[in-house]
Amino acid sequence: MIIDRLYREAVEKSPICVGLDTKLEYLPKYLLESDKSIEEKIFEFNKQIIDNTFDLVACYKVQIAFYESLGLEGLKAYSRTLKYIKEKGKISIADIKRGDISSTAEAYGKAHFQGDFEADFITINPYMGIDSVSPYFEYMDNEEKGIFMLIRTSNKGSEDFQELLIEDKPVFMKVAEKANKWGKSFIGKEGFSSLGGVVGLTYPEEFLQIKNNNPNTFFLIPGYGAQGGKGEDIKEIFKDGICGVINSSRGIITAHKGKTEDKSFVNFIRQNTLNMKEDIENWQR
Ligand SMILES: O=C(O)c1cc(=O)[nH]c(=O)n1[C@@H]1O[C@H](COP(=O)(O)O)[C@@H](O)[C@H]1O
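Residues numbered from 1 in each chain as written. Predicted model: local features only at pLDDT ≥ 70, side-chain atom pairs only at ≥ 80, totals over all residues. Heavy atoms only, no water.

Asker: Where do I start with the packing of helix α9 (residues 171–183) against helix α10 (residues 204–213) in this structure?
Answerer: The relative placement of two packed helices comes down to the angle between their axes together with the axis-to-axis distance. Between α9 and α10, the least distance of the axes is 10 Å, while the angle of their chain directions is 30°. Considering their axes alone, α9 and α10 lie roughly parallel with respect to each other. Note that α9 runs across α10; the crossing there is right-handed. Of the residues in α10, those touching α9 at F172, M173, A176 and N180 are E206, Q209, I210 and N213. A breakdown of the residues in the contact of α9 with α10 according to their chemical character gives four nonpolar, three polar and one charged. (Axes fitted to C-alpha atoms, helices over the stretch in contact; angles between N-to-C directions. Helix = DSSP H or I, 4+ residues; strand = E, 2+ residues; numbered from the N terminus. Parallel < 35°, antiparallel > 145°, perpendicular 65-115°, else oblique. Left-handed = near helix turned anticlockwise from the far one by under 90°. Contact = heavy atoms within 4.5 Å. Nonpolar A, V, L, I, M, F, W, Y, C, P; charged D, E, K, R; others polar.)

Pasting the structure below:
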């Protein structure tokens, strides 16, 4: 099962998920000012990052908005990036945060679990309820795919709705209960479900509460680095072992900014990945 593969990658390499939230302004000048097309430039930047980090990390998360914002060339680079991740034997998470229902969700499944934009995992917003989540189950049963549904997001505005109380419990705990329940049919050999949850590292105490109630949920954990999350914040959460992958996007892919504009940019990216690995490992023990 895909979740078993992700878990093993996290244990064997590190629980790092590199976020390929690629913007043109992140490209070093040698690439940005070359006569390549936008598609080529964006893909080349991602490829260099993947080639120089794949031995250190569990997976890559590709946030589709950055590619959509560059139009069709951006989407071609998105598609090629997903294919390249697969070619390298690595796992991809398509951060698409889809939230529609029934036949539309079925179309999203087709769009992102097969064809040009095929990924191993996608992110889902479950606000519309079970019919915004269940259309993906057939891919989890049959095609070795998985989803991460938003439970407690890393941003400040997550307090607006996710903290509201229902029957004395915050909404995010109610959503976590659903993730636990809906995920029961997809539990792999390692004890984790292919229906995972997104919980930000920026609220470590609440994360611990969620984790203790969801023993089979594997987490996608954003918020490290640029949003202030640190290795220390994972200490209690990973106390009994790895139960998720920690994403860093800007913290890794902009490591070279202000330092170099040539091909050596990847050295800075690799170094920041190594620093993050060390920071997490220090608190894992
Ligand atoms: O689903 C996500 O990945 C996500 C959920 C969340 O609660 N917070 C969050 O920041 N993200 C994503 O994680 C990435 C964080 O990027 P950095 O802050 O640059 O590391 C972005 O792609 C966000 O869209």
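Picking up where we left off.
Asker: Is there a simple way to explain the site of the ligand in this structure?
Answerer: Around the ligand, 16 residues are found, and the nearest of them are D21, K61, S154, Q227 and R250. Contact between the ligand and D95: an oxygen atom at 3.1 Å from a side-chain N or O atom of the residue. In isolation the ligand has 500 Å² of accessible area, and contact with the protein removes 89% of it. Looking at the shell around the ligand, the elements that each hand over two or more residues are β2 (59–63), β3 (91–98) and β10 (244–248). Residues that form the shell around the ligand fall into these classes: four nonpolar, seven polar and five charged. (Near = heavy atom within 4 Å. Polar contact = N/O pair within 3.5 Å; in protein donor to acceptor, adjacent residues only side chain to side chain. Areas by Shrake-Rupley, 256 points an atom, 1.4 Å probe, with all protein chains shown as cover.)

Asker: Just checking my understanding: could you explain the pairing of β2 for this structure?
Answerer: Along any regular strand the residues' side chains alternate between the sheet's two faces. With five of five residues buried, β2 lies mostly within the body of the structure. Residues C59, K61 and Q63 line one face of β2 and the alternating positions Y60 and V62 line the opposite face, and both faces are buried. Bridge count for strand β1 (residues 16–19) against β2 is three bridges, and the pairing is parallel. When the sheet's bridge partners are listed, G19 is paired in β2 with K61. (Buried < 20%, exposed > 50% of the residue type's maximum accessible area, 1.4 Å probe, protein only. Pairing = 2+ DSSP bridges.)

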